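Observations on chain architecture
Spelled out, the chains give:
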Amino acid sequence: MGRRVTVPALARMKESAQRIVSVTAYDYTFAKLVDRAGVDIILVGDSLGMVVQGHETTLPVTLEEMIYHTTAVVRGSERAMVVCDFPFGVCQSPKEVVMAAAIKVMKESGCDGVKIEGGQAVAETIKFLTAQRIPVVAHVGLTPQSVKYFGGFKMQGRSDSEAEQIMADALAVEAAGAFAVVLEGIPRGLASRISQALKIPSIGIGAGAECDGQVLVLYDLLGFYGDIKPKFVKQYMQGGELIQSALEQYAKEVRLGEFPGLEHSQDT
Ligand code: KIV
């Protein structure tokens, strides 16, 4: 306790125009690597439903699964703030249900806060949680739990009325007490205007460079996940190819009797 990035520290980063770095992680081993890289916020995203579990959307993920993964990430990290994403069904529930889920998640996993998708529609819930000092990250724009309503993973906020609604959503979650807001899949000009209008930090994904911070799905930035390749993703390595060739080499050596060698075996 006391070593992790805090809510006030993130507020100071916005004040001093210091960019916030966030990335997702879902397990102990990657959490350790991400933490050592100096990332400020590790988001245990419900994107795990797609990149870990292989679903087409995030909708099937359960609260128990989020707690399982978040617990491993907390165990693997020391410095980063760890935020647990609330899965579909929790955010859409009455505020008392969301409160019970937040208490359960924070007690069982040891995480530092929760993320809730939605704007004005969940502002009352955010207010209810933050009144009890539960740190909440909000998430507006292309909210993946609304993918069926949007008709796909489509950029939001292109028309004036949509842009106005997303601005209103961001202002509503700030007023409700969220300490940061994820802006996903919206035009960069709109993200820039929202970031300037807010006192709390904006964390962008597919929202241009003028947000106060950036978040990416870990498997996207490492080049592991190829099922969907959004334009906004930068692959910092071709991880999928590297791992594939390492595994093929292993299989070859086992079949040829080259592995294990003497150096990997013990006489006694
Ligand atoms: O689920 C997730 O990983 C997310 C981030 C990409 C913002 O919500």
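Residues numbered from 1 in each chain as written. Predicted model: local features only at pLDDT ≥ 70, side-chain atom pairs only at ≥ 80, totals over all residues. Heavy atoms only, no water.

1. Here we look at the domain arrangement of the chain
Interfaces are often described in size by the accessible area the parts lose on coming together. So the rule is basically this: Domain start and stop points were drawn from an automatic or database domain assignment.
Considered domain by domain, the chain is made up of domain 1 (7–237) and domain 2 (240–268). Computed over C-alpha atoms only, the centres of domain 1 and domain 2 are separated by 39 Å.

2. A look at helix 5 (residues 95–109)
Put simply, the test is: Counting from the N terminus, the helices are DSSP H or I runs at least four residues long and the strands are E runs at least two residues long. Expected helix span is given by 1.5 Å per residue-to-residue step, counting one fewer step than there are residues. In this analysis, two residues are considered to be in contact whenever any of their non-hydrogen atoms come within 4.5 Å of each other.
For helix 5, with 15 residues, the first-to-last C-alpha span of 21 Å sits near the 21 Å given by 1.5 Å per residue. Elements that come into contact with the buried residues of helix 5 comprise helix 4 (63–76), strand 3 (81–85), strand 4 (113–117) and helix 6 (123–131).

3. Comments concerning unusual backbone geometry
The condition that has to hold: Type-normalised accessible area, obtained with a 1.4 Å probe on protein chains alone, sets the label of each residue: buried when under 20%, exposed when over 50%, and partly exposed for intermediate values.
Along the chain, phenylalanine 259 connects to proline 260 via a cis peptide bond; the corresponding omega equals 0 degrees. Within the chain, arginine 133 stands out as a residue other than glycine whose phi angle is a positive 65 degrees. Note on placement: arginine 133 falls in the loop between helix 6 and strand 5 (136–141). A residue is classified by how much of its surface remains accessible, and arginine 133, at 71% relative accessible area, is exposed.

4. Observations regarding the sheet that holds strand 7 (residues 202–205)
Under the convention used in this document: Each pair of strands is called paired provided DSSP finds at least two bridges between the two strands. Note on geometry: axes are C-alpha line fits, over the in-contact stretch for helices, and angles between N-to-C directions span 0 to 180 degrees.
The strand order around the closed barrel built from 8 strands is 1-2-3-4-5-6-7-8, with neighbouring strands paired in parallel fashion. Strand-to-strand twist in this sheet, taken as the mean axis angle between neighbours without regard to direction, amounts to 25 degrees. Both strand 1 (residues 20–24) and strand 2 (residues 41–44) contribute to a ladder of 3 bridges, which runs parallel. Its bridge partner being in strand 2, serine 22 is matched across the sheet by isoleucine 41.

5. What about the side chain of aspartate 85?
Applied cut-off: By the criterion applied in these results, polar contacts are pairs of N or O atoms within 3.5 Å in which, for protein atoms, one can donate a hydrogen and the other can accept it, and in which residues neighboring in sequence qualify only through two side-chain atoms.
Within the secondary structure, aspartate 85 sits in strand 3. Only 2.8 Å separates the side chain of aspartate 85 from the side chain of lysine 115, close enough to count as a polar contact.

6. Thoughts on the site of the ligand
Let me state the cut-off plainly: Definition of nearness: a residue and a molecule or strand are near each other if at least one heavy atom of the residue lies within 4 Å of the molecule or strand. Computed by Shrake-Rupley with a 1.4 Å probe, the accessible areas treat only the displayed protein chains as cover when residues are assessed. Only Asp, Glu, Lys and Arg are considered charged, only Ala, Val, Leu, Ile, Met, Phe, Trp, Tyr, Cys and Pro nonpolar, and every remaining residue, Gly among them, polar.
Every residue close to the ligand is listed here: Thr24, Leu43, Gly45, Asp46, Ser47, Asp85, Lys115, His139, Val182, Ile205 and Val217. Measuring from an oxygen atom of the ligand, one finds a side-chain N or O atom of serine 47 at 2.5 Å. Measuring from an oxygen atom of the ligand, one finds a side-chain N or O atom of lysine 115 at 3.1 Å. Notes on the ligand: free accessible area 260 Å², of which the protein chains cover 97%. A class-by-class count of the residues in the shell around the ligand yields 4 nonpolar, 4 polar and 3 charged.

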